[in-house]
Amino acid sequence: MTSPRLPVWLGALALGLFSFNARADDGYRLWLRYDRIADEKLRAAYSAATAKLVLATPTGVDSSTVAAAHDELTAALRGLIGSEPTITLTKSATDVPPGAEAFAIQGRNGTVTITGGSDIAVLYGAFALVRRLQLNQPIDDLVVHDAPKISRRMLNHWDNLNGTIERGYAGRSLWQWDDLPGKIDPRYRDYARALASLGLNGTVPINVNSNIQFLTPGYLKKIAALADVFRPYGVRVFLTARYSSPVELGKLPNADPLDPAVIKWWHDKAEEIYALIPDFGGFLIKANSEGQPGPQTYHRTHADGANLLADAVAPHGGIVIWRAFVYDADVKDDRAKQAYTEFTPLDGKFRDNVVVQVKNGPIDFMPREPFHPLFGAMPKTPLALEVQITQEYNGGSSELCFLAPMWKEVLDADTFRPQPGSTVARVIDGGIDHHTLTVIAGVANTGTDRNWCGNQLAPANWYALGRLAWNPALTSAQIAEEWTRQTFGNDSRVVQTIVPMLLASREAVLNYSMPLGLHHIMATNHHQGPGPWVDSLSRADWNPTYYHRADAQGVGFDRTATGSNALGQYAPEVASRWADLATCPDEFLLWFHHLPWDYKMRSGKTLWAEIALHYQAGIDSVRGWEKSWSTLRGAIDDERFIATQKLLSRQEHEARIWRDACTQYFATFAKLPLPSEYEKPEHPLDFYRKLRAPFTAANTPSVSAPKP
Ligand code: GCW
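Conventions we followed
Residues numbered from 1 in each chain as written. Predicted model: local features only at pLDDT ≥ 70, side-chain atom pairs only at ≥ 80, totals over all residues. Heavy atoms only, no water. Helix = DSSP H or I, 4+ residues; strand = E, 2+ residues; numbered from the N terminus. Contact = heavy atoms within 4.5 Å. Expected span 1.5 Å × (residues − 1). Bend = angle between axes of the 7 residues up to and from the residue. Salt bridge = Lys/Arg side-chain N within 4 Å of Asp/Glu carboxyl O. Near = heavy atom within 4 Å. Polar contact = N/O pair within 3.5 Å; in protein donor to acceptor, adjacent residues only side chain to side chain. Areas by Shrake-Rupley, 256 points an atom, 1.4 Å probe, with all protein chains shown as cover. 1 Å grid on protein atoms, 1.4 Å probe; cavity = no way out; pocket = protein on both sides within 12 Å on 5 of 7 lines; lining within 4 Å. Sits in = over half its atoms within 2 Å of the grid points. Nonpolar A, V, L, I, M, F, W, Y, C, P; charged D, E, K, R; others polar. Pairing = 2+ DSSP bridges. Right-handed = clockwise from strand over helix to strand, strands pointing away. Axes fitted to C-alpha atoms, helices over the stretch in contact; angles between N-to-C directions. Parallel < 35°, antiparallel > 145°, perpendicular 65-115°, else oblique. Buried < 20%, exposed > 50% of the residue type's maximum accessible area, 1.4 Å probe, protein only. Domains from an automatic or database assignment. Buried area = accessible area lost by both parts, 1.4 Å probe.

Novice: Hey, could you go over the environment of Asp535 for me, with residue numbers and the actual values?
Specialist: Inspection of the secondary structure assignment puts Asp535 in the loop between α16 (492-513) and α17 (544-548). Between the alpha carbons of Asp535 and Arg335 there is a distance of 16 Å; along the sequence they are 200 residues apart. Apart from the residues within four sequence positions on either side, Asp535 is in contact with Asn543 and Thr545.

Novice: Got a sec to walk through α16? Specific residues and values, please.
Specialist: Counted at 1.5 Å a residue, the expected span for α16 with its 22 residues is 32 Å, and the 32 Å between its end C-alpha atoms agrees. Most pronounced at Ser505, the bend in α16 amounts to some 40°.

Novice: Any chance you could break down the pattern of salt bridges for me, citing the residues and the numbers?
Specialist: Taken as a whole, this structure holds 43 salt bridges when the rule is applied. Of the charged contacts in the structure, one is a salt bridge between Lys337 and Asp333, with a shortest N-O distance of 2.6 Å. Overlapping salt bridges bring together Asp620, Arg623, Glu652, Arg656, Arg659, Asp660, Glu679 and Glu682 as one network.

Novice: Quick one: what's the story with the site of the ligand, residue by residue and with numbers?
Specialist: The environment of the ligand is made up of 16 residues, and the closest members are Glu166, Lys286, Arg323, Lys359 and Glu392. One of the side-chain nitrogen or oxygen atoms of Asn209 is found 3.2 Å away from an oxygen atom of the ligand. A distance of 2.7 Å separates an oxygen atom of the ligand from a polar side-chain atom of Asp364. With the chains in place, 100% of the 340 Å² that the ligand exposes on its own is no longer accessible. Most atoms of the ligand, that is more than half of them, are within 2 Å of grid points of the largest cavity. Of the residues belonging to the shell around the ligand, the class tally is four nonpolar, three polar and nine charged.

Novice: Tell me what's going on with the pairing of strand β9 (residues 282-285), and back it up with residues and numbers.
Specialist: By the bridge criterion, three bridges tie strand β8 (residues 236-240) to β9 in an arrangement that is parallel. Looking at the pairing, Phe238 lines up with Gly282 of β9. With respect to chirality, the unit in which β9 leads through helix α10 (residues 302-313) into the neighbouring parallel strand β10 (residues 319-323) is right-handed.

Novice: Got a sec to walk through the packing of helix α6 (residues 187-198) against helix α14 (residues 459-470)? Specific residues and values, please.
Specialist: It is at 8 Å that the axes of α6 and α14 come closest, and there the two elements cross at 45°. On the basis of their axis angle, the class for α6 and α14 is oblique. Residues Tyr191, Ala194, Leu195 and Leu198 of α6 form the contact with α14, whose participating residues are Trp462, Tyr463, Gly466, Arg467 and Trp470.

Novice: Got a sec to walk through the environment of Asp586? Specific residues and values, please.
Specialist: Its location among the elements puts Asp586 in the loop between α18 (572-579) and α19 (589-592). In sequence terms Asp586 and Gly529 are 57 residues apart; their C-alpha atoms lie 23 Å from each other. Ignoring sequence-local partners within four residues, the contact set of Asp586 consists of Leu516, Gly517, Met601 and Arg602.

Novice: How would you sum up helix α15 (residues 476-488)? Please name residues and give values.
Specialist: With 13 residues, α15 extends 17 Å between its outermost C-alpha atoms, agreeing within 8% with the 18 Å of an ideal straight helix rising 1.5 Å per residue. Residues Ser476, Ile479, Ala480, Glu482, Trp483, Thr484, Gln486, Thr487 and Phe488 constitute the buried set of α15. The inward-facing, buried residues of α15 abut α5 (119-134), α12 (404-411), α14, α16, α20 (607-630) and α21 (638-670). Residue Gly489 follows α15 closely and has a positive phi angle near 100°.

Novice: Explain the domain arrangement of the chain residue by residue, including any values.
Specialist: The domain boundaries assigned to the chain delineate domain 1 (8-146), domain 2 (152-344 + 386-411 + 427-475) and domain 3 (510-557 + 594-689). A separation of 32 Å is found between the C-alpha centroids of domain 2 and domain 3. Facing 21 residues of domain 2, the contacting portion of domain 3 comprises 23 residues. For the pair domain 2 and domain 3, the summed buried surface comes to about 1,800 Å²; carbon and sulfur atoms form 50% of the total. In terms of surface lost to domain 3, no three residues of domain 2 exceed Tyr393, Ser398 and Glu399, which account for 30% of the buried area on that side. Our count for the domain 2 to domain 3 interface comes out at zero salt bridges. Viewed at the interface, domain 3 and domain 2 are joined by 12 residue pairs in polar contact (both at pLDDT 80 or more). A per-class count over the side of domain 2 that touches domain 3 returns seven nonpolar, seven polar and seven charged.

Novice: Could you give me a rundown of the sheet that holds strand β7 (residues 202-204), with the residues and numbers involved?
Specialist: The strand order β6-β7-β8-β9-β10-β11-β12-β13 describes a closed barrel built from eight strands, whose pairing is parallel. The average angle at which neighbouring strand axes cross in this sheet is 25°, direction not considered. Taken together, the three bridges between strand β6 (residues 152-156) and β7 define a ladder with parallel strand orientation. Across the sheet, the residue bridging to Met154 is Gly202, located in β7.

Set out below in structure tokens:
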């Protein structure tokens, strides 16, 4: 019993019931937690095995990157095992791993040597060693060789000049523009450490819906200050740019990519940037999409537009990442087809230092999309994969949705072009078409929230993107387990509770929001709840009714030859599988087919019953997690336990809103009874139709891009 006059925490401390760490942890350290390993024997073994650490670089010369590796190893070993390693630096002998980012770790007789193809590779090796210790893996007779499969591994931030984040759910922008360049928030370094720990080596700190101010001298100095902090961690800065900058900033009459004055303007701008940021990565451009200006404004192609900027940065070694996320107001037959239609004729017309960045699916980061048909369709052009870490369509930061399974689904998808086995992963790693410029990007979920990502489980997605960028062959299960152990410790009860939740979460979110291939049925603006009834937005393809096409006959978008024939954009092997109802997987059914409500599913149930049961199954999953999470009380710190408990209860509530709104809306067409397993909705349909999301910055796209 504690004395009534003592604060509870003091009493508990006195009784040794818990350490301070067990009570409170705000999640700031992400997966880089170096708390003492509990097992004394393991500590002793690690201590003996790492008594001497040797860092071997090609030059053997100390640098800020070598210093970062030194600091990280010192902090990790001090924290995890309580030892002070002796770290020496040497020039590597002949056995330098091939590739500047490749490293080798060799451990024997109390000495661990980390050899890198560059200083940054040694830092990657240091983080790899630390991860092994955090995971309590054996390190005796250690021989590790590793190298990234993709050369540019990037975070794309959608951070605005005013500090808001488009589709950001974790507070405000990390970049304190008012304070930069004079005042450096220590958090910038922690950000760079987190990136380097995963091998992420590029960042675009600002929104693709760009602002011309970012290209002004004042802002370039601020960005240069960020680049200085990131550089030791191997993180290069890229910028977005408004295509019309030569007009808006440079006061030129137009921004036509073939106009000599425009060409000169961008060359000069590139020189100015490189003078401040010598290792500037290049530009990421959103053009002629959602109201953004672009080359088409001047009757030029995306290739003309990209090449203009590519030529400007080429003398400095820069690249241009040109986004293929385009669709215009004049929806022809199917928005899903537009990027392919616009970009495939341009294959072979881009400069060597251009990569076309393609979203995972042809619409827009929906919870499930078939892979984008552009993958495999532009062999002469390096293609990058863009995925969304921030959960725009998967519950913001209030819902658990571990996205590795979604990204794996795309990476592992076989494009069959030019032959079977040509997976998206092999297209983007350059393996299929022999490209050396290879890129993968995730739209960041970071912000100023103390835990970085808005909830304690969301950093798992940042982690997953980094790990898959390094090696797309890793499995979701491996990533989930690594992250859980590093973030919540190695207690098997904890690991066995959290990992299954993570792995099941994406399918559960799909079930209660957009099952069986339904897509884009979310509410206007905020995208976090249901809005299948929305049919009055100015553009046809902004309306959910455009996508689900529910009517008295049935539901779904016919994308077969009898419909929009979007399937015709895929290789015949893929198209025929999805076109044939006998082979089309249930998860893509309503993406590709319009089917009657009483269509008989593989399960023997009607389509209508399956839809309703999927919604119900999603909620049941969340309820299951609430139960299993409750068993972790005391096994993890109270702060993260309670925060996540609240999150799950909110998720259950939000899931019910999805279910009750969508099923009651679709019922007005289906006119069939709901299955008996299905719970009675809490409110009538009208209640949900009137729900309005609160105004938040994340829910509101930037002014330059009016959007649903
Ligand atoms: O998913 C949509 C978002 C927009 C975003 C756009 C894009 C940055 O709703 O907010 O704009 O994608 O990827 O450009």
